[in-house]
Amino acid sequence: MKILYKISFIIFAACSSGSLFAQTSPQPNLKGIILNEQKKPVDYATVVLYKAADSSIVKTSFTDQNGVFGFNVSAKGTYFYKASNMGYKTFKSKTITLTDENQKVDFGSAQLVSSTQDLKEVSIAVTKPLIERKMDKVVMNVSGSSIMTGSTALEVLQKAPGVSVDQNDNISMQGKQGVLIQLDGKQTYMSSADVANLLRNMQSSEIETIELITNPSSKYDAAGNSGIINIKTKKNKAGGTNGSLNATAGYGKNFRGNTGLNLNHRTKKLNLFGNYNYGKTTRENIITIDRISNGTPDTYFMQAGSSLRKQQNNNFKTGLDYFINKNNTIGVLVNGYFNHGTEASKNNTLIGPSFQKVDSTLASNSLQTNKYNNISYNLNYKSILDTAGSEISADFDYSKYNGNDGSAYENDYMFANGNRIRPVNYTRNGTPSKIDIKTFKIDYNVSLSKTIKLEAGLKSSWVKTDNDLQAEELVNNIWQNDVRRSNQFVYDENVNAAYTNINKQFKNTSIQLGLRVEQTNSKGNLVTTNTIVERDYFDFFPTLFVQQTLSKNNQLGFSYSRRIDRPSYDALNPFVYYLDQYTYNKGNPFLKPQYTNNMELSYTFMQKYMLSVGYSRTNDVITEVLLPDSAQKALFQTNENLAKNTSYNANLNIPVQVAKWWSMNNNLNVFYLSFEAPDLAGVALKTGKTSFQFKSQQNFIIASGLTAELNGSYESPLDYGTLRIKSRYSIDAGLSKSFLDKKASLKLALSDIFNTYKNDISSAYPGLKYEVHQKNESQIGRISFTYRFGKEIKPARRRSTGSEDEQNRMKN
């Protein structure tokens, strides 16, 4: 009955909304303090009060940030409590006797003792909240979530607080695009489209946590005007021989599935590790576009299309760490992927003098194929210099990427009665691409005194991309080179950087000053037309962080940083890609880098409730825009430098422990975005709108080993550059059951329960009229099985590598 009672509460929360108000309770008459082995307070330890007579449970409580717990008990009798927390042995108190209902008893302080546990025991204890708020970042714990099971990394990001992913896979944080995506601290050096492709091919089973860093320090690369999203993959941190096996199957309109194996073996001097993941995905996308092309008279277009994307991906990682001695370690790491897929699209466009009258049609079919391969090598070294924690580390990285996109198009022009206006037009493209990345970095940190720490480092990267668009047209049954579209684009970039941070700790204040210096050399060469764009520039990026402790429960923080975003490779690439004659995408080789100044003020209450307010201004902001092509009566997508973007934002994070079996985390992000461009394709643009995003994660403990999750999100209407985006919302649910002595788990999940998540866009560009409706396959049910084996002995070393900035702009 208790299980049914809890389930009824979960169903009620999914189907209705309400407010929860704290009620005033009498002061506890039984209290105590829980400490760890260092005699420091343990917060959120579970304390259960028992009757000594029959060991029945009376009440349950949690310790606060000072380790204090309390019970209000009026019944006379003899009592004891048990206290437990992850990584510690359960503590049983002495018994006490209440002889009067107003009697007050202090159990005093109790000290928990850490426990050495094998994998079976650890799996019982570990339960992390989905969202954790830390001083410099927000952490989303993916690995323990049932809702995340079987999802792709891109789908997981949609559920992160303050993060939004639209139907075109553009990622924004706090309403702003320009997010720097890192994998295990490494920048991916891919284009935004290719980063999205990588994340579509990465499974949630590979991810441990996602870190959201809105204002990074000088140690991080200066890229990312809205901050950094660091996706940390799973790393088995145990010694001995251990690992895990997982498999997931999902179905919406189409099947998807993935499986993976993770292995680790550690001896006294050597640590070997590796994993492999395979995934197969089929996804449908539906799009309609209604627009008016201004003219004399106006021309009306009604476009409806669908596409079916099929993708297979293989990701792997292997490496070793050699422990030279207790202070020096050297390691090597090899990881990569080989992926391939197809996308078949069908589009039909009705054309006429009004939406009610049609005089011609265009039927367009296309088949796109892709094949991406990447392999990366890393050599790393770390040395601990003294007992104060000073250390030096170095990384050498080399990555090589090869891709090959192929596209075949068929365009059929007809009158309204079905007669052909002209013969069917056949075209095809081949786009082989190569990317080479070399990076070197060295980091040093030292404690100058008990209250002063210094960080410093150097980094250089060299990136070369080569894209060769080979376009052909079928003329008289012979494929001929289409000189209007064929082209080769070669891009070289070298960035050299140095940084330093100094941190001074006062009694209640911490101040960190930082400076990063970057020198950039780039050369874009449109080989066919011999159009060369070269840039050389030198930039300073200061940072400032201040933390002030007002009291035990109140802390203030302030941060400032200057950042840069260089154009992604696909944005610079001038190639033209057609959906049909009237809809296409093209790059802009003349894009300039954008510069942003960010400021943020934060307030933390009781170390868990956090409010932050921020301001940023970006000059020459790189923005995706939809513009008219009057000559072709077409609509095209490209990137432009708008004059400026101003942003004000406020973020409120509230975790709530509703009951001992029900916890939630609520995140509200409110922001104002404005864009200005005095001359965008001959028109002055000025837009601005206040919007908000709300996300709520609910976690339920139904029974021993059985948990449930319920997540909901809502994004209000938003203006972004030339785009006016309507509201978006969805609800997800999941259920997780552990068994086989906690070594195995089975998870069920349903994303977008009511199939509501979609993208509806209209024009914010003066004089341009269109309505876009886009719907990806988002309502998907999944089942996932995980089995863990082996015995944990002690933590194993893992390394992030040095190419942290370079791979965020290429394909996979």
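Undergrad: Describe the pattern of salt bridges, listing the residues and the values that go with them.
TA: Applying the stated rule across the entire model yields 22 salt bridges. We note a salt bridge from Arg309 to Glu343, for which the minimum N-O separation is 3.5 Å. You can see Arg309 sitting in strand β20 (residues 299–325) and its partner Glu343 sitting in strand β21 (residues 328–352), a full 34 residues away along the chain. Glu343 matches Arg309 in its accessibility class, with the two residues each being buried.

Undergrad: Go over the pairing of strand β30 (residues 554–565), please, and point to the residues and values.
TA: Alignment of strand β29 (residues 531–551) against β30, held across 8 bridges, turns out to be antiparallel. Looking at the pairing, Ser551 lines up with Asn554 of β30. Between β29 and β30, which pair antiparallel and follow one another directly, the connecting turn spans 2 residues. Where β30 lies against strand β33 (residues 594–605), 12 bridges are found, and the strand directions are antiparallel. Its bridge partner lying in β33, Arg563 is registered against Thr596.

Undergrad: Talk me through the environment of Ala659; I want residue IDs and the actual numbers.
TA: With respect to the helices, strands and loops of the structure, Ala659 is situated in strand β35 (residues 634–659). Given the relative accessible area of 23%, Ala659 is considered partly exposed.

Undergrad: Please give an account of a nonpolar patch on the surface that cites residues and values.
TA: On the surface, Leu601, Leu611, Val613, Leu652, Ile654, Leu668, Val670, Phe692, Phe694, Tyr714 and Tyr729 cluster together into a nonpolar patch covering about 810 Å² of accessible area. Only β34 (609–629), β35, β36 (662–680) and β37 (683–703) provide two or more residues apiece to the nonpolar patch. On the secondary structure map, Leu601 appears in strand β33. Accessibility expressed as a relative area gives 43% for Leu601, which makes it partly exposed.

Undergrad: Describe the confidence of the model for the protein chain, naming the residues involved and giving the relevant values.
TA: In this model, the protein chain carries an average pLDDT of 84, and 88% of its residues clear a pLDDT of 70 or more. Low pLDDT, under 50, characterises residues 116–126; the predicted model gives this stretch 20 contacts beyond four residues in sequence or across chains. A low-confidence stretch, residues 793–800 (pLDDT under 50), is modelled with 38 contacts involving residues beyond four sequence positions or located in other chains.

Undergrad: Explain unusual backbone geometry residue by residue, including any values.
TA: It is generally the case that most residues other than glycine have a negative phi and that most peptide bonds are trans. Note the cis peptide between Thr296 and Pro297, where omega equals 0 degrees. A positive phi angle is found at Ala681, which is not glycine, with a value near 55 degrees. We classify Ala681 as exposed; its relative accessible area is 57%. At Asn755, a position not held by glycine, the phi torsion is positive, near 55 degrees. Among the structural elements, Asn755 can be located in the loop between β42 (744–751) and β43 (759–763).

Undergrad: How would you explain the packing of aromatic side chains if you had to name every residue and give the values?
TA: For the coordinates displayed, the defined rule picks out 24 aromatic pairs. Through successive ring pairs, a cluster of aromatic residues spans Phe69, Phe71, Tyr81, Phe91 and Phe107. A cation sits over an aromatic face here: Arg291 above Phe301, 4.1 Å from the ring centre. Against the face of Phe506 rests Lys504, its NZ or CZ located 5.2 Å from the ring centre.

Undergrad: Describe in detail the sheet that holds strand β1 (residues 30–35), supporting the description with residues and values.
TA: Reading across from one edge, β4-β1-β8 is the order of the 3 strands in this open sheet, with mixed pairing throughout. Edge positions in the sheet fall to β4 (68–71) and β8 (105–111), since each of these pairs with one other strand and no more. In this sheet, neighbouring strand axes are inclined to one another by 20 degrees on average, regardless of whether the strands run parallel or antiparallel. Here 5 bridges tie β1 to β8, and the two strands are oriented parallel to one another. Bridging from a neighbouring strand, Ile33 pairs with Ser109 of β8.

Calculation rules
Residues numbered from 1 in each chain as written. Predicted model: local features only at pLDDT ≥ 70, side-chain atom pairs only at ≥ 80, totals over all residues. Heavy atoms only, no water. Salt bridge = Lys/Arg side-chain N within 4 Å of Asp/Glu carboxyl O. Helix = DSSP H or I, 4+ residues; strand = E, 2+ residues; numbered from the N terminus. Buried < 20%, exposed > 50% of the residue type's maximum accessible area, 1.4 Å probe, protein only. Pairing = 2+ DSSP bridges. Patch = residues over 30% accessible without salt bridge, like charges linked within 9 Å, V, L, I, M, F, W, Y side chains within 5 Å. Areas by Shrake-Rupley, 256 points an atom, 1.4 Å probe, with all protein chains shown as cover. pLDDT = per-residue confidence, 0-100. Contact = heavy atoms within 4.5 Å. Phe/Tyr/Trp six-rings, centres within 6.5 Å; stacked < 30°, edge-to-face > 60°. Lys NZ or Arg CZ within 6 Å of the ring centre and 35° of its normal. Axes fitted to C-alpha atoms, helices over the stretch in contact; angles between N-to-C directions.

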